Amino acid sequence: MKNMSNGSAKRAGAAAGAPRALEGLRVLDVTQVMAGPFSAMLLADLGADVIKVEPPSGDAARQFAGALGKDSSSFNAVNRGKRSLVLNLKVAGGRDAFSRLAGSADILIENYRPGVMTDLGLDYPALAEVNPRLIYASISGYGQTGPHRHKGGFDLIAQGVAGIMSITGEPGGPPIKAGVPIADLGAGLFALVGILAALQYRSRTGLGQHVDTSLIEAGVALSVWEATEYLSGRGIPEPMGSAHRLSAPYQAIRCADGYITIGAATDRLFRRLCDVLNHPEWVEAPEFIDNTSRVRNRATLAARIEAITAQTSRSDWLSLLEANDIPCGPINDYAQVFADPQITARQMVVETDHPVLGHLRTLGSPIKMSATPPDDRRRAPLLGEHTEEILTEFGFSESERESLRRAGAVP
């Protein structure tokens, strides 16, 4: 893979010049906003040469809140480490050029509505004819098949359709979406799993394949406990606030100055918690004698615990619980998250310099690898920053590049 013109230092601990896990793979990233860009960025972190193919207007995320010109910190958050190629797929020359790029690519990721790439003549069957080794991943709102396949997909809509909003929030309250875009990010991660599995299959057979996932399926697939509750005949799950469906006590607990979390979900941990609370008799009480009983009576149990914890501060309770090896923690806001020494020690914040946005503090990679650590310090590309470089690498002559410019296929 070529050295990226917007590269910077590798992660601490990586040997200088050491290859990364996916080095040598070439990816065409024809996606926008969140799910697709996130999936492709993880491939870039792991060493793939990810070429972000953008329309002349750029990825819509470039214009999100806080944007300066055609760049935003939100765009940077899911597009680091890529190269940007502006290519107008609405004109024949742009489509022909894209097909030529796909002929020597290893992976293609797209998140258009189903049918759009077919109408462009750039769907999997068409490109597999050009490149049978191509792994073609599609991320959409509802998937490539089914009665709702043509509907657009957004995280909020997906969380509603997938049931997530029906079980989030307090009992009796209005529907609440998960605070993070779990359907978008989940779809990106499931696509990545499919891509990596397809790479392994290709290593054995020499053949690529089509990977198809969606925001709706990601939301449903991540609802493991809730789906199990319904499918096993135990009724329709309802919101439970911070409590757990299968374990108690396992929830946010009120203290004198706010809340902490306590996860005393096993008999051993519950016994230890009862001792700390000076109520060892709760262990033998019929309503709390085992986990099934505690789950059935979780509201009563939480009220009894809070009657004690509400008398003392969060810091005091955290110190006492931790001293007795009872799982617990603070409920941090994001200022506290990024001041946490554990987050710092795990390198979850990295420093990046951007030519438009200036100095950025950005999220690091949660993937730690001993031999091939991810490189998460490279900034996102400027719009079209690598257009000429990429076309030259793919063998487009100077006259061909000029023809593409005259046809409006590239700037």
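The residue count restarts for each chain, going from 1 along the sequence in the order it is written. Side-chain atom pairs in this predicted model are given and counted only at pLDDT of 80 or more, local residue features only at pLDDT of at least 70, and totals for whole chains, interfaces and linings cover all residues. Excluded from the side-chain calculations are hydrogens and water; all other atoms, namely the structure's heavy atoms, are used.

A. Main features of the overall build of the protein chain. Secondary structure elements are taken from DSSP: a helix is a run of H or I of four residues or more, a strand is a run of E of two residues or more, and numbering for both begins at the N terminus. Within the protein chain one finds 17 helices and 11 strands. A principal-axis box enclosing the C-alpha atoms of the protein chain has dimensions of 85 × 50 × 45 Å. Every one of the 411 residues in the protein chain was classed for burial, and the buried ones make up 46%. Any pair of residues with heavy atoms lying within 4.5 Å of one another is described as a contacting pair. Counting contacts in the protein chain only where the partners sit at least 6 residues apart, residues at least 24 apart contribute 68% of the total. Residue-level accessible areas treat just the shown protein chains as cover; the underlying method is Shrake-Rupley with a 1.4 Å probe. Of the roughly 19400 Å² of accessible surface on the protein chain, a fraction of 57% belongs to carbon and sulfur atoms. Averaging the locations of the 41 positively and 45 negatively charged side chains of the protein chain gives two centres separated by 3 Å. The buried label goes to any residue with under 20% of its type's maximum accessible area, the exposed label to any with over 50%, and the partly exposed label to all in between, with areas taken from a 1.4 Å probe on protein chains only. Under this rule, positive means Lys or Arg and negative means Asp or Glu; His and the chain ends count for nothing. Every charge is mapped onto a representative atom, which is NZ of Lys, CZ of Arg, CG of Asp or CD of Glu.

B. Expanded view of the confidence of the model for the protein chain. Put simply, the protein chain has an average pLDDT of 94, and 96% of its residues get 70 or more. As a per-residue quantity, pLDDT reports the predictor's confidence and falls between 0 and 100. In this model residues 1-15 is a low-confidence stretch, pLDDT under 50, and it forms 40 contacts with partners more than four residues away in sequence or in other chains.

C. Expanded view of the pairing of strand 5 (residues 135-140). Among the 6 residues in strand 5, 6 count as buried, and that is most of the element. Neither face of strand 5 is open: one carries Ile135, Ala137 and Ile139, the other Tyr136, Ser138 and Ser140, and all of them are buried. One ladder, built from 4 bridges, connects strand 4 (residues 107-110) with strand 5; its direction is parallel. Opposite Ile109, over in strand 5, you have Ala137 as the bridge partner. At least two bridges found by DSSP between two strands is the condition for calling them paired. Bridge analysis of strand 5 against strand 6 (residues 210-214) gives 5 bridges, and the strand direction is parallel. By the bridge assignment, Ser140 is partnered in strand 6 with Ser214.

D. How the structure looks around the pairing of strand 11 (residues 358-363). Bridge count between strand 10 (residues 349-354) and strand 11: 6 bridges; the pairing is antiparallel. If you follow Asp353 over to strand 11, its bridge partner there is His359. Taking the residues that link successive antiparallel strands as the turn, the strand 10-strand 11 hairpin has 3 residues.

E. Up close: the nonpolar core. To define a nonpolar core, start from buried Ala, Val, Leu, Ile, Met, Phe, Trp, Tyr and Cys residues and group those joined through side-chain atoms within 4.5 Å. Core analysis: the biggest nonpolar cluster contains 32 residues, and Leu43, Ile107, Ile109 and Ile195 have the highest contact counts within it. Looking at this core, the elements that each hand over two or more residues are helix 1 (35-45), strand 4, strand 5, helix 7 (182-205) and helix 8 (215-221). Beyond its immediate sequence surroundings of up to four residues, Ile195 is in contact with Ser39, Leu43, Ile107, Ile109, Ile135, Ala137 and Val211. Counting 27 residues, the second largest nonpolar core, distinct from the first, contains Val30, Ile51, Ala102 and Ala409.

F. Spatial organisation of the environment of Pro56. With respect to the secondary-structure elements, Pro56 resides in the loop between strand 2 (49-54) and helix 2 (73-77). Taking relative accessible area as the criterion, Pro56 reaches 45% and is therefore assigned partly exposed. Distance from Pro56 to Lys70, taken between C-alpha atoms, is 11 Å for residues 14 residues apart in sequence. Discounting chain neighbours no more than four positions away, the residues touching Pro56 are Lys70, Val86, Asn88 and Leu383.

G. View of the state of the cysteines. Note on disulfides: each one is a pair of cysteine sulfur atoms within 2.5 Å. All told, the structure shown has 0 disulfides when counted by the stated rule. Take Cys274: it sits in no disulfide, and the sulfur closest to it among the cysteines is that of Cys328, at 15 Å. The exposure class assigned to Cys274 is buried, which follows from its relative accessible area of 0%. The thiol of Cys328 is unpaired, and the distance to the nearest cysteine sulfur, on Cys255, comes to 9.6 Å.

H. Spotlight on the sheet that holds strand 5. Taken in spatial order, the 6 strands of this open sheet run 3-2-1-4-5-6, and their pairing is parallel. Of all strands in the sheet, those bounded by a partner on one side alone are strand 3 (83-86) and strand 6. Here the strands of the sheet are splayed against their neighbours by 20° on average, with no regard to which way each runs. Fitted lines through C-alpha atoms serve as axes, helices being fitted only where they are in contact, and the angles separating the N-to-C directions of these axes extend from 0 to 180 degrees.

I. Up close: unusual backbone geometry. Along the chain, Ala248 connects to Pro249 via a cis peptide bond; the corresponding omega equals -5°. With respect to the helices and strands, the residue Pro249 is situated in the loop between helix 9 (224-231) and strand 7 (250-255). A positive phi is found at Val33, a non-glycine position, where the angle reads about 75°. Look at Val33 and you get partly exposed, because its relative accessible area is 33%.

J. Here's a closer look at the sheet that holds strand 8 (residues 258-263). Across the sheet, which stays open at both edges, the 3 strands sit in the order 7-8-9 with antiparallel pairing between neighbours. Of all the strands in the sheet, the pair left with one neighbour each is strand 7 and strand 9 (328-330). Pairs of neighbouring strands in the sheet enclose a mean axial angle of 30°, with direction left out of account. Pairing of strand 8 with strand 9, which is carried by 3 bridges, proceeds in the antiparallel orientation. Along strand 9, the bridge assignment pairs Ile262 with Cys328. In this fold helix 12 (residues 298-309) packs onto strand 7 and strand 8, with an angle of close to 35° to the strand it touches most, strand 7.

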